[in-house]
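Examination of the molecular architecture
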Number of protein chains: 2
Amino acid sequence: MATGSGARSKTAERILDIAERLVQTRGFNGFSYADISAQLGITKASLHYHFATKDELGAMLITRYRDAFVDALRAIDGEGESSLHKLNAYVKLYEDVLRRDRMCLCGMLAAENRTLSREMQTLVHGFFDANERWLATVVDRGRANGELRFSGSAVDQARLLVVALEGAMLVARGCGEPARFTVAAARLLDQLTIASPPRAGRRSRAP
Amino acid sequence: MATGSGARSKTAERILDIAERLVQTRGFNGFSYADISAQLGITKASLHYHFATKDELGAMLITRYRDAFVDALRAIDGEGESSLHKLNAYVKLYEDVLRRDRMCLCGMLAAENRTLSREMQTLVHGFFDANERWLATVVDRGRANGELRFSGSAVDQARLLVVALEGAMLVARGCGEPARFTVAAARLLDQLTIASPPRAGRRSRAP
DNA sequence: GTCTATAACGAGATAGAC
DNA sequence: GTCTATCTCGTTATAGAC
């Protein structure tokens, strides 16, 4: 179920689909209306009928992306109460983006932050806040019920998870090695998990 | 002591200084020769005398940045044998970049990866590899001598550190809240440290 | 809603004088 | 090394016909 954001024409939706892919692969400053025009098969002028300015298109992209993400988090909440399951499902959201050869839309826009309109900047900030709030609740409950182990505040732990996953996507793409994401994510969750099984290479402190 | 990379004119060096700041704040696709021209006070045409193409300028930027980073790592190695000190000094390198209101050059370029020349892509990859190699040695020794605690391979742990710090810079800048970096970095090192002191909010597993 | 046509500007890059 | 002048192309955006 889509979250608000109202009705849009099918053409507008296809424009957003194409633009989203372009931003996630090339950045907001790395594509133009001409790229969308070529892929969609309508003229640049027609694009301006649906989204008058590129900034307006950008704002819509972030809003739609955030709404879809929030929907995905709600769906995860509906899958049960296990905090560890929720965390794994959350990581899988990122993995799905990466598997499609994309960067997180808002991670990409965070890099380009200084070149964006005020509105886009605010929306990007809001995306990260929404993620952190959800994760903070998950890890807080997980610690309370003994599933997870970490020190300090739940919000800080949630923020570490967000930044580490965003960075893992960033570097994995920058190196052309998606596996770097998987390894980093697995290790992140491992550190949060209580009674994780011993792994090859593990050593105890000096005897 | 500078690492190789040879002699360059003073003007070329000033061009690189200005371009570096522009890339770190706005991205490689977010600035133009006109920006450098305005800040340096020479014409765009003159810039092309020093760096024939923007791609060439970009490649020089990464090379110089990597060399400076490698030099900084060598300097840290000269400060003693403490792994924990090395890690703190490493984090401080990132903090210094962020304090100057910049993103890591190669983190920024990692986001723009798909729009870069082959050469620039390769150089970015090389930057991350160099960082990981150094960090892997540090954490491996730290674990061997009992200073640090982590499971799995040292290389994987090094990679987690790199991606988490890059992501922390990315999101901190994307939210306009540098403190997000500091908190994430502190927590990262805390998880690696043996016998870290109890902190407010810490809880042990269910009794 | 989509088109043609075009405006208005900025980009990277080059030629050739000094 | 730096300049003026210019080229060519791509960019966002608009006007007005269909």
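Here the structure is a predicted model, which means the values were calculated and not measured.

About the thresholds
- Residues numbered from 1 in each chain as written.
- Chains lettered and ligands numbered in written order.
- Predicted model: local features only at pLDDT ≥ 70, side-chain atom pairs only at ≥ 80, totals over all residues.
- Heavy atoms only, no water.
- Helix = DSSP H or I, 4+ residues; strand = E, 2+ residues; numbered from the N terminus.
- Buried < 20%, exposed > 50% of the residue type's maximum accessible area, 1.4 Å probe, protein only.
- Contact = heavy atoms within 4.5 Å.
- Areas by Shrake-Rupley, 256 points an atom, 1.4 Å probe, with all protein chains shown as cover.
- Lys, Arg positive; Asp, Glu negative; His and termini not counted.
- Charge placed at Lys NZ, Arg CZ, Asp CG, Glu CD.
- Core = buried A, V, L, I, M, F, W, Y, C linked by side-chain atoms within 4.5 Å.
- Near = heavy atom within 4 Å.
- Polar contact = N/O pair within 3.5 Å; in protein donor to acceptor, adjacent residues only side chain to side chain.
- Nonpolar A, V, L, I, M, F, W, Y, C, P; charged D, E, K, R; others polar.
- Phe/Tyr/Trp six-rings, centres within 6.5 Å; stacked < 30°, edge-to-face > 60°.
- Lys NZ or Arg CZ within 6 Å of the ring centre and 35° of its normal.
- Least-squares fit on C-alpha atoms with pLDDT ≥ 70 in both.
- Buried area = accessible area lost by both parts, 1.4 Å probe.
- Salt bridge = Lys/Arg side-chain N within 4 Å of Asp/Glu carboxyl O.
- Axes fitted to C-alpha atoms, helices over the stretch in contact; angles between N-to-C directions.
- Parallel < 35°, antiparallel > 145°, perpendicular 65-115°, else oblique.

Counting secondary structure elements, chain A contains nine helices and zero strands. Along its sequence from the N terminus, chain A presents helices and strands in the succession α-α-α-α-α-α-α-α-α. Seen through its C-alpha atoms, chain A measures out along the principal axes to roughly 70 × 35 × 30 Å. Burial analysis of chain A (207 residues in total) assigns 52% to the buried set. Contacts in chain A between residues at least 24 apart in sequence constitute 67% of all its contacts with a sequence separation of at least 6. By element, 54% of the accessible surface of chain A is carried by carbon and sulfur atoms, the whole surface being about 9100 Å². When the 29 positive and 24 negative side-chain charges of chain A are each reduced to one mean point, those points stand 4 Å apart.

Turning our attention to the environment of His-125 of chain A. Note on placement: His-125 of chain A falls in helix α7 (residues 118–144). Each C-alpha atom, one on His-125 of chain A and one on Ala-110 of chain A, is 8.4 Å from the other, the two residues being 15 residues apart in sequence. The residues contacting His-125 of chain A, other than those within four sequence positions of it, are Gly-174, Cys-175, Glu-177 and Arg-180 of chain B.

Turning our eyes to something else, we now look at the nonpolar core. Membership of the largest hydrophobic core comes to 142 residues, with the highest contact counts inside it found for Tyr-90 and Phe-181 of chain A together with Tyr-90 and Phe-181 of chain B. Not counting chain neighbours up to four residues away, the residues in contact with Phe-181 of chain B comprise Val-91, Tyr-94, Glu-95, Leu-98, Leu-165, Ala-168, Met-169 and Ala-172 of chain B.

Quick look at the protein's contact with DNA strand D now. Every one of the 18 residues lining DNA strand D counts as a neighbour, but Ser-32 and Lys-54 of chain A together with Thr-43, Ser-46 and His-50 of chain B are closest to it. A share of 59% is what sugar and phosphate atoms reach among the atoms of DNA strand D within 4 Å of the protein. One nitrogen or oxygen atom from the side chain of Ser-32 of chain A is found 3.3 Å from a phosphate oxygen belonging to DNA strand D. The contact in question runs from a phosphate oxygen of DNA strand D to an N or O atom on the side chain of His-50 of chain B, over 2.7 Å. Mapped onto the surface near DNA strand D, the elements with two or more residues apiece are α2 (33–40) and α3 (44–50) of chain A together with α3 (44–50) of chain B. Looking at the surface near DNA strand D, its residues break down into seven nonpolar, nine polar and two charged.

Our next topic: the protein's contact with DNA strand C. Neighbouring DNA strand C are 19 residues, the closest being Thr-43, Ser-46 and His-50 of chain A together with Tyr-33 and Lys-54 of chain B. Contacts to DNA strand C include Ser-32 of chain B, whose side-chain N or O atom sits 2.9 Å from a phosphate oxygen. Looking at the surface near DNA strand C, the elements that each hand over two or more residues are α3 of chain A together with α2 (33–40) and α3 of chain B. When its residues are assigned to classes, the surface near DNA strand C shows eight nonpolar, nine polar and two charged.

This part takes up the packing of aromatic side chains. Inspection of the entire model under this criterion finds 18 aromatic pairs over all chains. Centre to centre, the rings of Phe-28 of chain A and Phe-31 of chain A are 5.9 Å apart; their planes meet at 75 degrees, and the pair counts as edge-to-face. You'll find Phe-28 of chain A and Phe-31 of chain A in the same group, each marked buried. Look at Tyr-90 of chain B and Trp-134 of chain B: their rings are 5.6 Å apart centre to centre, the planes differ by 25 degrees, and that puts the pair in the stacked class. Of this pair, Tyr-90 of chain B sits in helix α5 (residues 83–99) while Trp-134 of chain B is found in helix α7 (residues 118–144), placing the two residues 44 residues apart along the sequence. For Tyr-90 of chain B, a relative accessible area of 1% translates into the label buried. A relative accessible area of 11% places Trp-134 of chain B in the buried class. An aromatic cluster of at least three residues, connected via ring pairs, comprises Tyr-65, Phe-69, Tyr-90, Tyr-94, Phe-127, Phe-128 and Trp-134 of chain A. Against the face of Phe-28 of chain A rests Lys-54 of chain A, its NZ or CZ located 4.7 Å from the ring centre.

With that settled, the discussion passes to the relation of the copies chain B and chain A. In the superposition of chain B on chain A (RMSD 0.0 Å, axial shift 0.0 Å), the rotation amounts to 180 degrees. Both copies of the chain, as the preceding transformation shows, are related through a two-fold rotation axis. Here 100% of the interface residues in chain B have copies in chain A that are interface residues too; the copies meet face to matching face.

Facing the 56 residues of chain B at the interface are 56 residues of chain A. Approximately 5000 Å² of surface area, both sides summed, lies buried where chain B meets chain A, with 56% of it carried by carbon and sulfur atoms. Interface area lost by chain B to chain A is led by Arg-114, Arg-180 and Arg-187 of chain B, which between them contribute 14%. Joining chain B to chain A, the criterion identifies six salt bridges. Every element with two or more residues in the side of chain B that touches chain A is listed here: α1 (10–26), α6 (105–111), α7, α8 (154–175) and α9 (179–192) of chain B. With 14 residues, the single largest contributor to the side of chain B that touches chain A is α8 of chain B. A breakdown of the residues in the side of chain B that touches chain A according to their chemical character gives 21 nonpolar, 16 polar and 19 charged.

All names here are of chain A. With respect to the helices and strands, Gly-126 occurs in helix α7. With relative accessibility at 28%, the residue Gly-126 sits in the partly exposed group. For the pair Gly-126 and Arg-66, spaced 60 residues apart in sequence, the C-alpha to C-alpha distance is 8.4 Å.

All names here are of chain A. Unlike most non-glycine residues, Asp-101 shows phi in positive territory, near 70 degrees. Among the structural elements, Asp-101 can be located in the loop between α5 (83–99) and α6 (105–111). You can call Asp-101 partly exposed: its relative accessible area is 40%.

Below, the discussion takes up the packing of helix α9 (residues 179–192) of chain A against α8 of chain B. Relative orientation of the contacting elements α9 of chain A and α8 of chain B amounts to 95 degrees, with a least axis distance of 9 Å. By the angle between their axes, α9 of chain A is roughly perpendicular relative to α8 of chain B. Where α9 of chain A approaches α8 of chain B, its residues Arg-180, Val-183, Ala-184, Arg-187, Leu-188 and Gln-191 of chain A are matched on the opposing element by Asp-156, Gln-157, Arg-159, Leu-160 and Val-163 of chain B.

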